[in-house]
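Coordinate inspection notes
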Amino acid sequence: ATATIGVVGLAVMGSNLARNLASREGNTVAVYNRTTAKTDELIAEHPEAGFVRTTTVQELADSLQRPRTAIIMVKAGAATDAVIDELTEVFEPGDIIVDGGNALFTDTIRREAAIRDTGIHFVGCGISGGEEGALNGPSLMPGGPAESYETLGPILASIAAVAEDEPCVTHVGTDGAGHFVKMVHNGIEYADMQLIAEAYDLIRRGTGKSPAEIADVFQEWNSGELASYLIEITAEVLRQTDEATGEPLVDVILDAAGAKGTGAWTVQTALDLGVPVSGIAEAVFARSLSSRLGQREAARGLPGPSQEWTVDDPETFVEDVRQALFASKIVAYSQGFDEIAAGAAEHGWDIAKGDVAKIWRAGCIIRAQFLGRITEAYADDPDLSALLLAPYFRQALGEAQEAWRRVVVTAAQAGIPAPGFSSSLAYYDGLRAEQLPTALIQGQRDFFGAHTYRRTDRDGVFHTLWSGDRSEVSAD
Ligand code: 2AM
């Protein structure tokens, strides 16, 4: 046995991760793929990696030093289950099976429970950063048993992205915690992208700037508090010209956004947990709306505002949009971290939220300067009731809120959809409200369903005899 780690599944992500592992001091990587031709292709293309070629899971197991560690990089779902079953047959107690695919966290919880009795450790590991990250340094979110991290931690640290000299990996929590956090990461990514798209749309339609000119705006924003990978690539996308037509590429790309489902998982899970991730939900729905091309075509004749929209001072407007974007982004992250806290409480995970923000600082799609502020916020107060209440974010929201309101008003009057900006503002105002109209909803619920209500001035549970003399009775 010569290999220190195995990789199963050699499509692009698996191949890149295997090459990344092989490039690090101390690792010898065994590779296995169901179709051996792909294994041979990878080995032929990358002789420098010194891969150990294996053609069966038995050969893979025989090639690995104990405790054996193998990372599965196959399609999520049935393929992952099939590979886990095969590995479980040939691995021994103390060995570690890592699922680096995009598994739904509930599948990870189920899989971990199913093989726990064999003594083999199962670790669901979220991997972010796409193909490039897998090759050069991803952000890694492993769950699974804490003991497994003693063996796995150093290996993962060797390939992870590095932020301020620290590898972007931490043991997130047990069983499905890693995949849960990866899921929320993707939900936040949806929100971030939607907010950036709204900012672009408002600036373009409000000021008449060209995509290339707006690229300059984003490039400038990228040197401030919004500095992030997504802002950076937005500038590059906007600057791209279509070779065939000479038009800005963004103008010839069909405006129907795709989705692979992790944003929807984030929202579905949040609904189950009762956590209002409204900014993330709007981002997922905005993509759904964009893809309903037939319905959009049919609706094109619906009336819009009767008045032309003009922006008096483009510079002020662009700055307002920047502030609205920053404030809405704070809301999206705050909601995402609320979901992490709720998931941790529900599933018994001890998740250090500051560490999660830390490992998102590099390697992943939502990497941003901003994440350092989140780590600081949780370091100052681990029991922070909401991220946006931390002093830095509270102040940022305070400074941005007037501009944020102007942008939402303007968008509504101009007939430009800004679901991310406006729902985030509604969330902000809802959260800070002294009194919400939900008292009325409680009254309605009690009227038609005798669902009872609590009072502001007395303990206990009450019901009004709506169909009787309308007197109040104690429902205890
Ligand atoms: P393949 O090359 O033999 O198709 C992405 O699809 C990766 O998942 C590929 O490496 C693919 O192997 C692998 N894969 C898909 N289904 C699989 C299964 N049921 N068992 C093993 N590997 C599978």
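Above this text you will find the structure in question.
Below is a summary of the structure that appears in this document. Predicted, not measured: the structure shown is a model, and the values here were computed from it. (Residues numbered from 1 in each chain as written. Predicted model: local features only at pLDDT ≥ 70, side-chain atom pairs only at ≥ 80, totals over all residues. Heavy atoms only, no water.)

1. Regarding the nonpolar core
Inside soluble globular proteins, nonpolar side chains tend to come together where they are buried. Put simply, the rule is: Throughout this description, the term nonpolar core refers to a set of buried Ala, Val, Leu, Ile, Met, Phe, Trp, Tyr and Cys residues connected via side-chain atoms within 4.5 Å. Each residue is assigned to one of three classes by its accessible area relative to the maximum for its type, calculated with a 1.4 Å probe on protein chains only: buried under 20%, partly exposed between the two thresholds, exposed over 50%. Any two residues having at least one pair of non-hydrogen atoms within 4.5 Å are treated as being in contact.
Membership of the largest hydrophobic core comes to 88 residues, with the highest contact counts inside it found for Phe218, Trp221, Phe337, Trp360, Ile374 and Phe421. Excluding anything up to four places from it in sequence, tryptophan 360 contacts Ser139, Met141, Val181, His185, Ile188, Phe337, Ile340, Ile366, Arg367, Ala368 and Leu371.

2. Examining the packing of helix α12 (residues 262–273) against helix α13 (residues 278–291)
Put simply, the rule reads: Angular values range over 0 to 180 degrees, each being the angle between N-to-C directions of two axes fitted as lines to C-alpha atoms, with helices fitted over their stretch in contact. For the purposes of this entry, the term helix denotes a DSSP run of H or I that reaches at least four residues, the term strand denotes a run of E that reaches at least two, and both are numbered from the N terminus. The scheme is simple: roughly parallel for angles under 35 degrees, roughly antiparallel for over 145, roughly perpendicular for 65 to 115, oblique for anything else. Two helices crossing with the near one rotated counterclockwise from the far one by less than a right angle form a left-handed crossing, whereas a clockwise rotation gives a right-handed crossing.
The geometry of α12 relative to α13 is characterised by a closest axis approach of 9 Å and an angle of 140° between their N-to-C directions. Regarding the angle of α12 to α13, the classification is oblique. In the packing of α12 onto α13, the handedness of the crossing is left-handed. Every residue of α13 that contacts α12 at Gly263, Ala264, Thr266 and Val267 is listed here: Ile280, Ala281 and Val284.

3. Observations concerning the site of the ligand
What counts, and what does not: Note on terminology: near, applied to a residue and a molecule or strand, indicates that one of the residue's heavy atoms is within 4 Å of it. The definition of a polar contact used here is a pair of N or O atoms within 3.5 Å, where within protein one atom must be able to donate a hydrogen and the other to accept one, and adjacent residues in sequence count solely through side-chain atom pairs. Residue exposure ignores everything except the shown protein chains as possible cover, and the areas themselves are Shrake-Rupley values with a 1.4 Å probe.
Close to the ligand lie Gly9, Leu10, Ala11, Asn33, Arg34, Thr35, Lys38, Val74, Lys75, Ala79 and Val83, which account for all nearby residues. At 2.6 Å, a side-chain N or O of asparagine 33 approaches an oxygen atom of the ligand. Measuring from an oxygen atom of the ligand, one finds a side-chain N or O atom of lysine 38 at 2.8 Å. In the complex, 80% of the free accessible area of the ligand, which totals 480 Å², lies under the protein chains.

4. Observations concerning the sheet that holds strand β7 (residues 139–142)
Put simply, the test is: Each pair of strands is called paired provided DSSP finds at least two bridges between the two strands.
Within the open sheet, the seven strands sit side by side as β3-β2-β1-β4-β5-β6-β7. Their pairing is mixed. Every interior strand has two partners, whereas the edge strands, β3 (52–53) and β7, have only one. Sheet analysis places strand β5 (residues 96–99) next to strand β6 (residues 121–128), joined by four bridges and oriented parallel. Looking at the pairing, valine 98 lines up with valine 123 of β6.

5. Some points on the pairing of β5
We count it as follows: Convention used here: a crossover is right-handed provided that the path from the first strand, over the helix, to the second strand proceeds clockwise when the strands point away from the viewer.
The side-chain alternation of β5 yields two buried faces, one formed by Ile96 and Val98 and the other by Ile97 and Asp99. Examined bridge by bridge, strand β4 (residues 69–72) and β5 share four bridges and lie parallel to one another. Its bridge partner lying in β5, threonine 69 is registered against isoleucine 96. Note that the unit made of β4, helix α4 (residues 78–90) and β5 has a crossover that is right-handed. A crossover connection joins β5 to the parallel β6 through helix α5 (residues 105–116); in handedness this β-α-β unit is right-handed.

6. Things to note about the environment of proline 67
With respect to the helices and strands, proline 67 occurs in the loop between α3 (57–63) and β4. Given the relative accessible area of 35%, proline 67 is considered partly exposed. Sequence separation between proline 67 and phenylalanine 91 is 24 residues, and the spatial gap between their C-alpha atoms is 9.2 Å. If sequence neighbours within four positions are ignored, proline 67 has contacts with Gly94, Asp95 and Thr151.

7. Here's the deal with unusual backbone geometry
In this chain, arginine 66 is followed by proline 67 through a cis amide linkage whose omega measures -10°. Of note in this structure, alanine 450 is not a glycine but carries a positive phi near 50°. Positionally, alanine 450 belongs in the loop between α20 (438–449) and β10 (462–464). Look at alanine 450 and you get partly exposed, because its relative accessible area is 43%. Phi is positive for threonine 452, close to 65°, though the residue is something other than glycine.

8. So, the side chain of aspartate 192
Tracing the backbone through its elements, the reader meets aspartate 192 in helix α8 (residues 177–207). Of the polar contacts made by the side chain of aspartate 192, one reaches the side chain of lysine 329; its length is 3.5 Å. Among all residues touching aspartate 192, those that are not within four sequence positions of it are Leu230, Lys329, Tyr333 and Ile366.

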